[in-house]
Amino acid sequence: MYDIRKISEDVLYIGCSDRRLALFESAYPIPNGVSYNSYLILDEKTVLMDTVDKSCSGQFFQNLEAALDGRNLDYLFVHHMEPDHCALLEDVISVYPEVKIVTTAKSVALIKQFFDFDIDSKVMIVKEGDTLNTGKHEFIFTTAPMVHWPEVMVSYDKTDKALYSADAFGSFGAINGNLFDTEVDFEKDYIDEARRYYTNIVGKYGPQVQMLLKKASALDIQTIYPLHGLIIKDNISKFVEKYDKWSRYEAEEKSVLIAYSSVYGGTENAANILAGKLADRGVKGIKMYDVSHTHSSYVLSDAFKYSHIVFATTTYNNGIFETMEHLLHNISAHNLQNRKVVLIQNGSWAPTCGNAMKTILENLKGTEIIDESICIKSALKEEQLAELDNLADKMVSSIGN
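Here we summarise the structure given alongside this text. (Residues numbered from 1 in each chain as written. Predicted model: local features only at pLDDT ≥ 70, side-chain atom pairs only at ≥ 80, totals over all residues. Heavy atoms only, no water.)

1. With respect to the nonpolar core
Phase 1 of the analysis: Counting residues in hydrophobic clusters, the biggest one holds 88 residues, and the most contacted among them are Ile101 and Phe239.
Phase 2 of the analysis: Ranked by the residues each element gives to this core, the list is headed by helix H5 (residues 186-202), at 8 residues. (Core = buried A, V, L, I, M, F, W, Y, C linked by side-chain atoms within 4.5 Å. Buried < 20%, exposed > 50% of the residue type's maximum accessible area, 1.4 Å probe, protein only. Helix = DSSP H or I, 4+ residues; strand = E, 2+ residues; numbered from the N terminus.)

Rendered as structure tokens:
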């Protein structure tokens, strides 16, 4: 049975959600599932905005057939060639052989890598600023390279003042009936997973996101249609502000994230004591993670959120304990910048992880290591409490509380 949602007079939602998938892109936990959004415009010409992941193929084709209601499919816009959005491209063409594929030249090259059908005879290549009129609707095409693949484009519907934003402004999480941001508590129930999506999927490409935001600022956007997550209407300015901060690597919170790994509890104990000392000095909103327990995608997301980060870990095989090492390389790979960092190392006989952590982090632009002096040997000693007091004072001064 089809599952279609009417968005406006001539725009339908025909996407689907997957709540069974454990890891998005085989990497990121999605305990609340993920949506694969696809939209159909029923104008003088019909326009399909992207397809969906193969996991939803049955539902998708039921939706598409019912939504078209006997009409032909004229255009298929391919905004992004990642398989969670284009996996059914060849299948759509087999059902609607007259359809024209509207996409960028770079997408065509990727289509030829993924598929074997004759794309050259079916494609309408568009470039920056090109337009397409489908009757009532007029679309303007804008390239968005590296947000987050090089071929990405977005399309702006001048009639509805709507931006079809590809992977920009998306989020993890299935569609649970509510399709619009107006139907949820955006700050409480949505923004954290939107941040985790941005930082892990797009976060490395801040300058490219800034370019897209600059282009979007010239448009009167009243609705954003992303390829994952809710349709955005009331929170556009708030979401754009978040994207601006994230893509400039500017912290949202002047507070402290403490990320630690601990084998026998000595490092964890020091992290807890430091957190308490910071709280006693008035620091609010402190966040702590045992990185051996919490997936790095969540820690990375909060690393983008917080201004100050403490990394506390133990020496392992003459290096960094493996879960902390994975996190640090993940943070480095996603290009986090402009953070103030504290390093705490532990080592029973040869504490060497501090320098190894520093080597990874010092390559990140604008990163300031404000203290790396705390060295625990197996367990924190009474005389080291003064060192933690000094560290807490230094951090509070840096935060500006």
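From this point, the discussion proceeds with the structure in view.
2. Structural notes on the environment of Ser378
Phase 1 of the analysis: Inspection of the secondary structure puts Ser378 in the loop between strand S22 (368-376) and helix H12 (385-399).
Phase 2 of the analysis: Once the C-alpha coordinates of Ser378 and His228 are considered, the two residues, 150 residues apart in sequence, prove to be 46 Å apart.
Phase 3 of the analysis: What Ser378 contacts, discounting residues up to four positions off in sequence, is Gly266, Asn346, Gly347 and Ser348.
Phase 4 of the analysis: There is a polar contact of 2.9 Å between the side chain of Ser378 and the side chain of Ser348. (Contact = heavy atoms within 4.5 Å. Polar contact = N/O pair within 3.5 Å; in protein donor to acceptor, adjacent residues only side chain to side chain.)

3. Points about the side chain of Asn37
Phase 1 of the analysis: Considering the arrangement of structural elements, one finds Asn37 in the loop between strand S6 (34-36) and strand S7 (39-42).
Phase 2 of the analysis: Given a relative accessible area of 0%, Asn37 falls into the buried group.
Phase 3 of the analysis: Among the polar contacts listed, one links the side chain of Asn37 to the side chain of Ser35, at a separation of 3.1 Å.
Phase 4 of the analysis: In this structure the side chain of Asn37 is engaged in a polar contact, spanning 2.8 Å, whose partner is the backbone oxygen of Gly229.
Phase 5 of the analysis: Apart from the residues lying within four places of it in its own chain, the contact partners of Asn37 are Tyr13, Gly15, Met49, Thr51, Ile175, Pro226, Leu227, His228 and Gly229.

4. As for the layout of surface pockets
Phase 1 of the analysis: Taken as a whole, the largest pocket spans an internal volume of roughly 330 Å³.
Phase 2 of the analysis: In terms of lining residues, the largest pocket is bounded by 17 residues, among which Thr314, Thr315, Gly347, Ser348 and Trp349 are the most central.
Phase 3 of the analysis: Counting residues per element, the ones that place at least two in the lining of the largest pocket are helix H8 (266-280) and strand S19 (306-316).
Phase 4 of the analysis: Per-element tally for the lining of the largest pocket: the top contributor is S19, with 3 residues. (1 Å grid on protein atoms, 1.4 Å probe; cavity = no way out; pocket = protein on both sides within 12 Å on 5 of 7 lines; lining within 4 Å. Points joined across faces, edges and corners; volume = space filled by probe spheres on them.)

5. A look at the sheet that holds strand S12 (residues 131-133)
Backbone hydrogen bonds are what pair the strands of a sheet, in a parallel or an antiparallel way.
Phase 1 of the analysis: Spatial ordering of the open sheet is given by S12-S13-S14-S15-S16, a layout of 5 strands whose pairing is mixed. The open sheet is flanked by S12 and strand S16 (223-225), the only strands paired with a single partner. Between one strand axis and the next, the sheet turns by 20° as a mean value, whatever way the strands run.
Phase 2 of the analysis: Taken together, the 3 bridges between strand S14 (residues 153-157) and strand S15 (residues 162-164) define a ladder with antiparallel strand orientation. Residue Ser155 lies in a different strand from S15, and its bridge partner there is Tyr164. (Pairing = 2+ DSSP bridges. Axes fitted to C-alpha atoms, helices over the stretch in contact; angles between N-to-C directions.)

6. Here's the deal with the state of the cysteines
Phase 1 of the analysis: Summed over all chains, the structure comprises 0 disulfides.
Phase 2 of the analysis: Just so you know, Cys353 is unpaired, no disulfide at all, and the nearest cysteine sulfur is the one on Cys375, 7.8 Å from it.
Phase 3 of the analysis: The exposure class assigned to Cys353 is buried, which follows from its relative accessible area of 0%. (Disulfide = S-S within 2.5 Å.)

7. Side note on the pairing of strand S10 (residues 100-103)
Phase 1 of the analysis: As judged from the 3 bridges shared by strand S9 (residues 75-77) and S10, these two strands associate in the parallel manner. Each bridged residue has a counterpart across the sheet, and for Tyr75 the counterpart in S10 is Lys100.
Phase 2 of the analysis: For S10 and strand S11 (residues 123-125), the ladder comprises 3 bridges, and the chain directions are parallel. Within S11, the position partnered with Val102 by the bridge is Met124.

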